[in-house]
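Single-letter residue listing:
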Amino acid sequence: QVQLVESGGGLVQAGGSLRLSCAASGRTFPLFAMGWFRQAPGKGREFVAFISWSGGRTYYAESVKGRFTISRDNGKNTVYLQMNSLKPEDTAVYYCAARDSNSNVVLTTENEYGYWGQGTQVTVSS
């Protein structure tokens, strides 16, 4: 079993930055691929970013490419999402997700992940 706990959300003005963290516990974190998803009010959950177990492969949704950066520190069992140049349309609950995977195959859909955090709210004001 893996427990994931997100933090770092909050209220920020458009153009600002936030860094989300996702701390993992319970299993061997370095063997997990990690993803970030988000869900805006009234919408389904959408993929945001992916990072492979080693950190050697990353992938982003087009809507965040060039503004968001995913990274991980396996020594701290933590994955990060640095969000810059935030826009009001980035407002959502952000979730981290994990899957047993020691490959670099990109995972972008919800059903590819077996573990989820509780989410952290990000609100971007205009």
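Attention in this report is confined to the structure presented alongside it. Please read these numbers as outputs of a predicted model, since none were measured by experiment.

**Considering the overall build of the protein**
(1) Moving on: Secondary structure summary: the protein contains zero helices and 11 strands in total.
(2) Moving on: Going from the N terminus to the C terminus, the protein shows its helices and strands as β-β-β-β-β-β-β-β-β-β-β.
(3) Moving on: Across the 126 residues of the protein, 43% fall into the buried class.
(4) Moving on: A sequence separation of at least 24 residues applies to 61% of the contacts in the protein between residues at least 6 apart.

**Focus: the environment of Gly9**
(1) Moving on: Within the secondary structure layout, Gly9 lies in the loop between strand E1 (3-7) and strand E2 (10-13).
(2) Moving on: What makes Gly9 partly exposed here is its relative accessible area of 33%.
(3) Moving on: Distance from Gly9 to Gln121, taken between C-alpha atoms, is 5.2 Å for residues 112 residues apart in sequence.

**Re the nonpolar core**
(1) Moving on: In this structure, Leu4, Trp36, Leu81, Met83 and Tyr94 are the most contacted members of the largest nonpolar core, which totals 36 residues.
(2) Moving on: Those elements that provide at least two residues to this core are strand E3 (18-25), strand E4 (32-39), strand E5 (45-51), strand E7 (68-73), strand E8 (78-83), strand E9 (92-100) and strand E11 (120-125).

**Re the sheet that holds E8**
(1) Moving on: The four strands are arranged E1-E3-E8-E7 in an open sheet whose pairing can be described as antiparallel. The open sheet has two free edges, formed respectively by E1 and E7, since each of these has just one partner strand. Across the sheet, the mean angle from the axis of one strand to that of its neighbour is 15°, orientation sign disregarded.
(2) Moving on: Across six bridges, the pairing between E3 and E8 is antiparallel. When the sheet's bridge partners are listed, Ser21 is paired in E8 with Tyr80.

**Notes on the packing of aromatic side chains**
(1) Moving on: In total, this model carries six aromatic pairs according to the counting rule given.
(2) Moving on: Directly above the aromatic system of Tyr95 lies the positively charged group of Arg45, at a separation of 4.0 Å from the ring centroid.
(3) Moving on: Residue placement shows Arg45 over the ring face of Trp116; its charged tip is 4.6 Å from the ring centre.

**Section: the pairing of E7**
(1) Moving on: Of the two faces of E7, the one lined by Phe68, Ile70 and Arg72 is fully buried and the one lined by Thr69, Ser71 and Asp73 carries no buried residue.
(2) Moving on: Examined bridge by bridge, E7 and E8 share six bridges and lie antiparallel to one another. Note that in E8 the partner of Asp73 across the bridge is Thr78.
(3) Moving on: What sits between E7 and E8 in their antiparallel hairpin is a turn of four residues, with Asn77 showing a positive phi close to 55°.

Conventions used here
- Residues numbered from 1 in each chain as written.
- Predicted model: local features only at pLDDT ≥ 70, side-chain atom pairs only at ≥ 80, totals over all residues.
- Heavy atoms only, no water.
- Helix = DSSP H or I, 4+ residues; strand = E, 2+ residues; numbered from the N terminus.
- Buried < 20%, exposed > 50% of the residue type's maximum accessible area, 1.4 Å probe, protein only.
- Contact = heavy atoms within 4.5 Å.
- Core = buried A, V, L, I, M, F, W, Y, C linked by side-chain atoms within 4.5 Å.
- Pairing = 2+ DSSP bridges.
- Axes fitted to C-alpha atoms, helices over the stretch in contact; angles between N-to-C directions.
- Phe/Tyr/Trp six-rings, centres within 6.5 Å; stacked < 30°, edge-to-face > 60°.
- Lys NZ or Arg CZ within 6 Å of the ring centre and 35° of its normal.

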